[in-house]
Amino acid sequence: MGLLSDPVRRRALARLVLRLNAPLCVLSYVAGIAWFLALAFPPLTQRTYMSENAMGSTMVEEQFAGGDRARGFARDFAAHRRKSGALPVAWLERTMRSVGLEVYTQSFSRKLPFPDETHERYMVSGTNVYGILRAPRAASTESLVLTVPCGPDSTNSQAVGLLLALAAHFRGQIYWAKDIIFLVTEHDLLGTEAWLEAYHDVNVTGMQSSPLQGRAGAIQAAVALELSSDVVTSLDVAVEGLNGQLPNLDLLNLFQTFCQKGGLLCTLQGKLQAQDWTSIDGPLQGLQTLLLMVLQQASGRPHGPHGLFLRYRVEALTLRGINSFRQYKYDLVAVGKALEGVFRKLNHLLERLHQSFFFYLLPALSRFVSIGLYMPAAGFLLLVLGHALELWMQLHEAGVGPEEAGGASGPSPLPPQAQGIGLASLVAPLLISQAMGLALYVLPVLGQHVATQHFPVAEAEAVVLTLLAIYAAGLALPHNTHWVVSTQASDRGWMALKLVALIYLALQLACITLTNFSLGFLLAATMVPAAALTKPSGPRPLYGTLLVLTSPAATLLGSLFLWRELQEAPLSLAEGWQLFLAALAQGVLEHHTYGALLFPLLALGLYPCWLLFWNVLFWK
């Protein structure tokens, strides 16, 4: 304590911190990026392993042999769907009853906040059909779910056929200790959300649906299936859920184990697994897969029906059958046996999956990076915001400022006038920036009808254009605040504003990183350098360009280009801009429809914070 209480020693410590602050910030940022890139290399990446004892062995004999029956169901389903132009509810009810299930239906409707041009829908109404196989060996206290989404433009007939064939096969077995729900939803994720809300007796998205007439036990796990062909060359696994949630790693390990047992080829993010991790090629391929997962998770979108189950503490995966040019192909029997093995092992669970990781990154299906190994990467980046300590010392330590450089025997506090000016200068930019963020969040949806009446645009286009207009209008923030900020404010005014902005940014990024590491890391990697460098002196055009290029909107645009580049489908500038506009519309729509949090985080938190740094840059 003597070091901090002695004015001379405290002044010496302040000088040391100021002298080393810049090189330490650079070193910390480089270390954070290097640590992240090293996550795909051993020993930071580890082999996956099964933590749940009840699922540690795959010694079950899969007996499913209903491939022909599954194909027959798929043909009948596709024919009735073409005939009716919608989900053939009556045929599904009749077929599920014929295989021995308790069959129920649920109708639902949802008016979207504005038309979804991607799926061409606005007023959505549909019907979900589900059948329950009651467990013969236990009371209906726990259940498992096998679900197939059916959208208006999806060809998922083979998945419906396999679901019905598995239901018929499971009905003839006596070892089930959990109820099994076979669910076919209409309108993709909207139908899934309607059924989940009704099953758990909640309404978090404003969905209008009929109550469920039949229920099973508490859902322990779920598998969503998407197949577009009678044969598959690989099964792609989707794990990213709503707002970056991930299923328990044991569920993924279980599926991968049964795929290995049956010889099925599995992919992650559409990428094959690297086989040789001792050479440089394996980790580099793993780094591509890891980056794709980071970009997918950072978006906060549910990348399959499983993503909505995770909100209700139900561990779930989405499996997509891929039929490509690869030599080895597998029929529905192989896929059915893998699913049978997974459900039989889940049937052994005595409690919810909890022993393995919920926070992880995947460079491959057989390797993972735990939270304890990837969090230091974000920690190093956030240390750069320790630049706030330098500003605080310049504001509050008398021996640090240029006017006190001659050295005095004790601390000399700031004049009261200077302190008052510094505090008063913070009010206007803080209020105006938060008001701009609130307008960015509220006005696009509320003002869409006004925009369509005065301009020849559709509702979805009006929402996107209003977003861009408000976002660009924020660039005038410094000119607005200068009308109410005293022109006699000293340099301590912008230093105080930047100090508040750095603390605000650090708190937001720290909270985001704890819940969604991928989003927090991407935002930190882009916003932190510009935030630390920005000041109203020096090469301001360079600082301004850097701020614009690292703004939340520019980060989203750059992420889209990187995502398509990693998928080996690069975009042109025009295609990238169109995809950016579509992503803006989908982000707003998914927030109001499913509760995705990326849009409010950017509009109400990070955008106002970025405006504070913009105001610092143009401080007069």
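In the block above lies the structure referred to throughout.
Residues numbered from 1 in each chain as written. Predicted model: local features only at pLDDT ≥ 70, side-chain atom pairs only at ≥ 80, totals over all residues. Heavy atoms only, no water.

K.L.:
I would appreciate a short explanation of the side chain of Asn-156 in the present structure.
P.N.:
Position of Asn-156 among the secondary structure elements: in the loop between strand S4 (142-150) and helix H5 (157-171). Looking at Asn-156, its side chain comes within polar contact range of the main-chain oxygen of Leu-225, at 3.4 Å. (Helix = DSSP H or I, 4+ residues; strand = E, 2+ residues; numbered from the N terminus. Polar contact = N/O pair within 3.5 Å; in protein donor to acceptor, adjacent residues only side chain to side chain.)

K.L.:
Explanation requested: a nonpolar patch on the surface in the structure shown.
P.N.:
On the surface, Leu-16, Leu-20, Leu-24 and Leu-27 cluster together to form a nonpolar patch covering roughly 370 Å² of accessible area. Here Leu-16 shows up in helix H2 (residues 7-37). On the basis of relative accessible area, Leu-16 is assigned to the partly exposed category, the value being 36%. (Patch = residues over 30% accessible without salt bridge, like charges linked within 9 Å, V, L, I, M, F, W, Y side chains within 5 Å. Areas by Shrake-Rupley, 256 points an atom, 1.4 Å probe, with all protein chains shown as cover. Salt bridge = Lys/Arg side-chain N within 4 Å of Asp/Glu carboxyl O. Buried < 20%, exposed > 50% of the residue type's maximum accessible area, 1.4 Å probe, protein only.)

K.L.:
Help me understand the packing of helix H19 (residues 540-549) against helix H22 (residues 598-617), please; the structure alone is not making it clear to me.
P.N.:
Helix packing for two helices is described by the angle between their axes and how far apart those axes are. Across the interface, H19 lies against H22 with an axial gap of 10 Å and an inter-helix angle of 170 degrees. Judged on the interaxial angle alone, H22 and H19 are roughly antiparallel. Every residue of H22 that contacts H19 at Arg-540, Tyr-543, Gly-544, Leu-547 and Val-548 is listed here: Trp-610, Phe-613, Trp-614 and Leu-617. (Axes fitted to C-alpha atoms, helices over the stretch in contact; angles between N-to-C directions. Parallel < 35°, antiparallel > 145°, perpendicular 65-115°, else oblique. Contact = heavy atoms within 4.5 Å.)

K.L.:
So what exactly am I meant to see when it comes to the pattern of salt bridges here?
P.N.:
This structure, assessed with the given rule, holds 11 salt bridges. With its nearest N and O atoms 3.9 Å apart, the salt bridge here joins Glu-93 to Arg-97. Linking Glu-93 with Arg-97, this pair stays in helix H4 (residues 89-98), spanning four residues, or about one helical turn. Accessibility expressed as a relative area gives 47% for Arg-97, which makes it partly exposed. We note a salt bridge from Glu-590 to Arg-301, for which the minimum N-O separation is 2.8 Å. Of this pair, Glu-590 sits in helix H21 (residues 573-594) while Arg-301 sits in the loop between helix H8 (281-298) and helix H9 (306-309), and the two are 289 residues apart along the sequence. What makes Glu-590 buried here is its relative accessible area of 8%. When salt bridges with common partners are traced through the structure, they connect Glu-102, Arg-134 and Asp-179 into a single cluster.

K.L.:
Honestly, the sheet that holds strand S1 (residues 46-47) in this entry has me stumped. Any pointers?
P.N.:
Across a sheet, paired strands are connected by hydrogen bonds in the backbone, their directions being either parallel or antiparallel. The strand order across the open sheet built from three strands is S1-S12-S11, with neighbouring strands paired in antiparallel fashion. Taken across any chain shown, the strands that pair with only one partner, and hence form the sheet edges, are S1 and strand S11 (360-364). Relative to strand S12 (residues 367-370), S1 runs antiparallel, the two being bridged by two bridges. Bridged to Arg-47 within S12 is Arg-367. Against the sheet, H8 makes contact with S11 and S12, and its axis sits at roughly 140 degrees relative to S11, the strand it touches most. (Pairing = 2+ DSSP bridges.)

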